[in-house]
There are 2 protein chains.
Amino acid sequence: MKTRPFERLIPIEDAIGIVESKIKPIDRREKIPTDLAVYRILARDIEAHFDVPPFNRSAMDGYAVIAEDTFGAGQFDPKVLRIKGYVHAGEVTDVEIDRGECVEVATGARMPKNSDAVVVVESTEGEKDTVNIFEPVHPKENVSNAGGDIKEGEVILKDGELLDPGKIGVLASLGIGEIEVYEKPKIGILPTGDEVCPIGMPLKEGKVYDVNSHTVSALVRSNGGKANLYEIVGDRFEDAKRSIEKALENDIILLSGGSSVGERDILIDVINEIGEILFHGVQIKPGLPTLFGMIGDKPIFGMPGYPTSCLINAYVFLLPAMRKMARLPRKEYTRIKANISRRFVSTLGRTQFLTVKVQDGKAIPVFKESGAITSVSNSDGFIEIDYSVNLIEKGEEVLVNLWQ
Amino acid sequence: MKTRPFERLIPIEDAIGIVESKIKPIDRREKIPTDLAVYRILARDIEAHFDVPPFNRSAMDGYAVIAEDTFGAGQFDPKVLRIKGYVHAGEVTDVEIDRGECVEVATGARMPKNSDAVVVVESTEGEKDTVNIFEPVHPKENVSNAGGDIKEGEVILKDGELLDPGKIGVLASLGIGEIEVYEKPKIGILPTGDEVCPIGMPLKEGKVYDVNSHTVSALVRSNGGKANLYEIVGDRFEDAKRSIEKALENDIILLSGGSSVGERDILIDVINEIGEILFHGVQIKPGLPTLFGMIGDKPIFGMPGYPTSCLINAYVFLLPAMRKMARLPRKEYTRIKANISRRFVSTLGRTQFLTVKVQDGKAIPVFKESGAITSVSNSDGFIEIDYSVNLIEKGEEVLVNLWQ
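Predicted model, so just to flag it, every value in this text is computed and none were measured.

K.L.:
Describe the domain arrangement of chain A, with residues and values.
P.N.:
The domain architecture assigned to chain A consists of domain 1 (12-28 + 183-325), domain 2 (30-48 + 157-182), domain 3 (57-144) and domain 4 (335-402). When each unit is reduced to the centre of its C-alpha atoms, the spacing between domain 1 of chain A and domain 2 of chain A is 32 Å.

K.L.:
Please provide a residue-by-residue account of the sheet that holds strand β21 (residues 298-303) of chain A, values included.
P.N.:
All names here are of chain A. The strand order across the open sheet built from six strands is β16-β13-β17-β21-β20-β18, with neighbouring strands paired in mixed fashion. Sheet topology places β16 (226-229) and β18 (276-280) at the edges, where each strand pairs with a single neighbour. Here the average twist between neighbouring strands, direction ignored, is 20°. Both strand β17 (residues 252-256) and β21 contribute to a ladder of four bridges, which runs parallel.

K.L.:
Let's hear about the nonpolar core: which residues, and what values?
P.N.:
Formed by 170 residues in total, the largest nonpolar core has its most connected members in A:L254, A:F301, B:L254 and B:F301. Excluding residues that lie within four positions of it along the chain, B:L254 makes contacts with B:I187, B:G188, B:I189, B:L190, B:V216, B:F301, B:M303 and B:L318.

K.L.:
Lay out the relation of the copies chain B and chain A in plain terms, naming residues and giving numbers.
P.N.:
At an RMSD of 0.0 Å, chain B and chain A line up after a rotation of 180° and a shift of 0.0 Å along the axis. Here the symmetry operator amounts to a two-fold rotation axis. It is B:T334 whose C-alpha, among those of chain B, lies nearest the rotation axis, at 3.8 Å. Most of the interface of chain B is mirrored in chain A, where 99% of its interface residues are also at the interface.

K.L.:
Can you lay out the environment of A:R57 for me, pointing to particular residues and giving the numbers?
P.N.:
All names here are of chain A. Within the secondary structure, R57 is located in strand β3 (residues 57-58). Once the C-alpha coordinates of R57 and T192 are considered, the two residues, 135 residues apart in sequence, prove to be 64 Å apart. Setting aside residues up to four positions removed in sequence, R57 forms contacts with G108, A109, R110, M111 and S144.

K.L.:
Provide a residue-level description of the sheet that holds strand β4 (residues 62-65) of chain B, including the pertinent values.
P.N.:
Strands belonging to one sheet form pairs held by backbone hydrogen bonds; the direction of such a pair is parallel or antiparallel. Residues and elements named next belong to chain B. Pairing is mixed across the open sheet formed by six strands, whose spatial order is β7-β4-β6-β5-β9-β8. At either end of the open sheet lies a strand with only one pairing partner, and these are β7 (117-120) and β8 (124-126). Ignoring strand direction, the axes of neighbouring strands in this sheet form an average angle of 35°. Bridging between β4 and β7 involves four bridges; their strand directions are antiparallel. Pairing of G62 across the sheet is with V120, part of β7.

K.L.:
Account for the interface of chain B and chain A, naming residues and giving values.
P.N.:
Buried accessible area, meaning the area lost when the parts come together, often serves as the stated size of an interface. Of the residues lining the interface, 77 residues belong to chain B; the matching set on chain A comes to 76 residues. Put simply, the parts of the chain that give the side of chain B that touches chain A at least two residues each are α2 (165-173), β15 (208-209), α3 (212-221), α6 (307-325) and α7 (374-377) of chain B. Top element by residues in the side of chain B that touches chain A is α2(B). It accounts for eight residues. Looking at the side of chain B that touches chain A, its residues break down into 31 nonpolar, 29 polar and 17 charged.

K.L.:
Just give me the short version of the packing of helix α1 (residues 12-22) of chain B against α6(B), but keep the residues and values in it.
P.N.:
Residue and element names in this part refer to chain B. Interaxial distance between α1 and α6 falls to 10 Å at its minimum, and their mutual angle equals 25°. The orientation of α1 with respect to α6, classified from their angle, is roughly parallel. Our pair here, α1 against α6, has a crossing hand that is right-handed. Between α1 and α6, the residues in contact are A15, I16, V19 and E20 and F317, P320, A321 and K324, respectively. The class makeup of the residues in the contact of α1 with α6 is six nonpolar, no polar and two charged.

Cut-offs and rules
- Residues numbered from 1 in each chain as written.
- Chains lettered and ligands numbered in written order.
- Predicted model: local features only at pLDDT ≥ 70, side-chain atom pairs only at ≥ 80, totals over all residues.
- Domains from an automatic or database assignment.
- Pairing = 2+ DSSP bridges.
- Helix = DSSP H or I, 4+ residues; strand = E, 2+ residues; numbered from the N terminus.
- Axes fitted to C-alpha atoms, helices over the stretch in contact; angles between N-to-C directions.
- Core = buried A, V, L, I, M, F, W, Y, C linked by C-beta atoms within 7 Å.
- Buried ≥ 20, exposed ≤ 12 C-beta atoms within 10 Å, placed from the backbone.
- Contact = placed C-beta atoms within 7 Å.
- Least-squares fit on C-alpha atoms with pLDDT ≥ 70 in both.
- Nonpolar A, V, L, I, M, F, W, Y, C, P; charged D, E, K, R; others polar.
- Parallel < 35°, antiparallel > 145°, perpendicular 65-115°, else oblique.
- Left-handed = near helix turned anticlockwise from the far one by under 90°.

Dropping the structure here:
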């Protein structure tokens, strides 16, 4: 057994920078129902093909009038107008008014010809054929103008915008039932290691269940990516090569594990043969042996096999890469201040991601070891400890990044 | 046409309190693949049915030893141990060691019988059949104990927990491929109003497209609910009653619109006949005419028909109700401070939700009118203005709740 030492550990910022420089936003588009497009990224400009609203409409229940007819109306000196009819919302009518006339209108009703304002029903008193107007209105009062929301020809949504519920509303207001969005990036997740057993199968002596495929795919799926899970990669060169080449059908490939030096070496040999390793070994804890390279134009991550190392490194390296590829904004962690519950000794020279639980304003370290998934699952978030810090005193204030 | 005035507008806090008091967390469970369970709510306690890891394993690549054999080892005074074999990760072997012996082990490999520590490969120099140990280890050093992550019998996840990627990892580590979660609450969304046209259909004279079904369903779907969209409710009593009764197959019913007084009256009559109205009219802007009631044990919201009123009220009233029903934590808005770009006059006596765009530290009001969807779609978030405030001076600091 020969070991290949890490030639040089690089700072985490450099590693993130290298990854970032290799990631291109996705260009593939797909057409999906508008109702399924929430929080997807719009893949074209939307130019309004008609005015919204399409016509002048009443903004209130009341009486459509010629504003001038109401001037001088008062509580004790109403203006009296003749009611010429009623227009319901959605109704088409060619009723029109002249001076001294009005039409009763519902909210949303098309304004009758010649009318230019609406007196709200609360400021009126209707008789049989006439109505008393107790308050004057100015022209355009209580009227929504055609195009007042969106003007025909206006570019109302732009290529690359995130479709939140309000923007879905814009698409709906234009009657657009299907919409082009950018495809989700496909992340191929390949577990490695002879000790790994797929979940749902009986666990044999000496084996452990595959955790990383499921934590990473959960992270991918909840952040706008598509996770494709693959079978466990064989530990012979040709098998590993075949598995990795097959996974090139994705936009990003992520290997987890290769926990023994021999397996790791095989993966490195494969990547070196069909691609290029850009870094291997980062000044980070947990997750030092993280690897990144390119096979053609496809980025490939080699994550440590330990569940906590793998998941935290997926948060640190994969997540920003995938979100950039998906054209999604960076994930912003909610940050809260807390006081650390006990003295904590960190590792000088490595940026540490310390998982903590937050209780009563205290940040309680829950990190057991990199191999324990409970180091993450029992935590509410993490503290990022600079590589230059080696001690946090009990009670010191720390900034906790919450997972959600 | 008769109008029914609002008898009493209630404060927004009272309205939220009434809704809250009527919402019960969902009890229905469903079994789904663990891989699809991210951010769902676990519907039973998970008791570990075996230790994780299931056996003592090496935490590093190196040599499994009897720790005592290494005591006193030093850089210039190595201890020499006889190599008895190699254990690969995942391998089953009954190799055992005696004093003076060791076994080469990969990370994750099962510890050979009698060994109690691992010397990392970097602190050794292997010969053909022997290895020089340059650093002593204490017992248990570099060993992950059986059950060190999760102990057999331990309740490791509890009923009601939110399954984030780390907790998905716990399920995977126990080999659980399918998991019981609480069902998503079903929200039945019913547009009303003769002026409303379904999207994807040609728009007739006097009509506008249905916006609310799509904004509300987008909000529902992106917050852990299931949105069921219904056809436009007829404006005759019997039709409206039939539509609402059909929608009782959901957990919450949401009517949008009924923008004319006549339609609104019909909806009120229907709810009063088959259920009970708990409030109608809230001191909120936009969205004053919001209605809430119960039909049997099913909450029903009547939202204003105007797109901005409807969507903002869905954020204010529906969202907390639905998330409570779904057993999800309250939505916490990211809040940022900004200075308002211009003097803003609010409405005394109504809590106002003012939509704003945030640019260069400035909060720019973008609210046009309640009927304009662009009042929301052009905004990054909203300012909540207390009912007792009627003026915000230009440049005053405000707290913006970001939509995302």
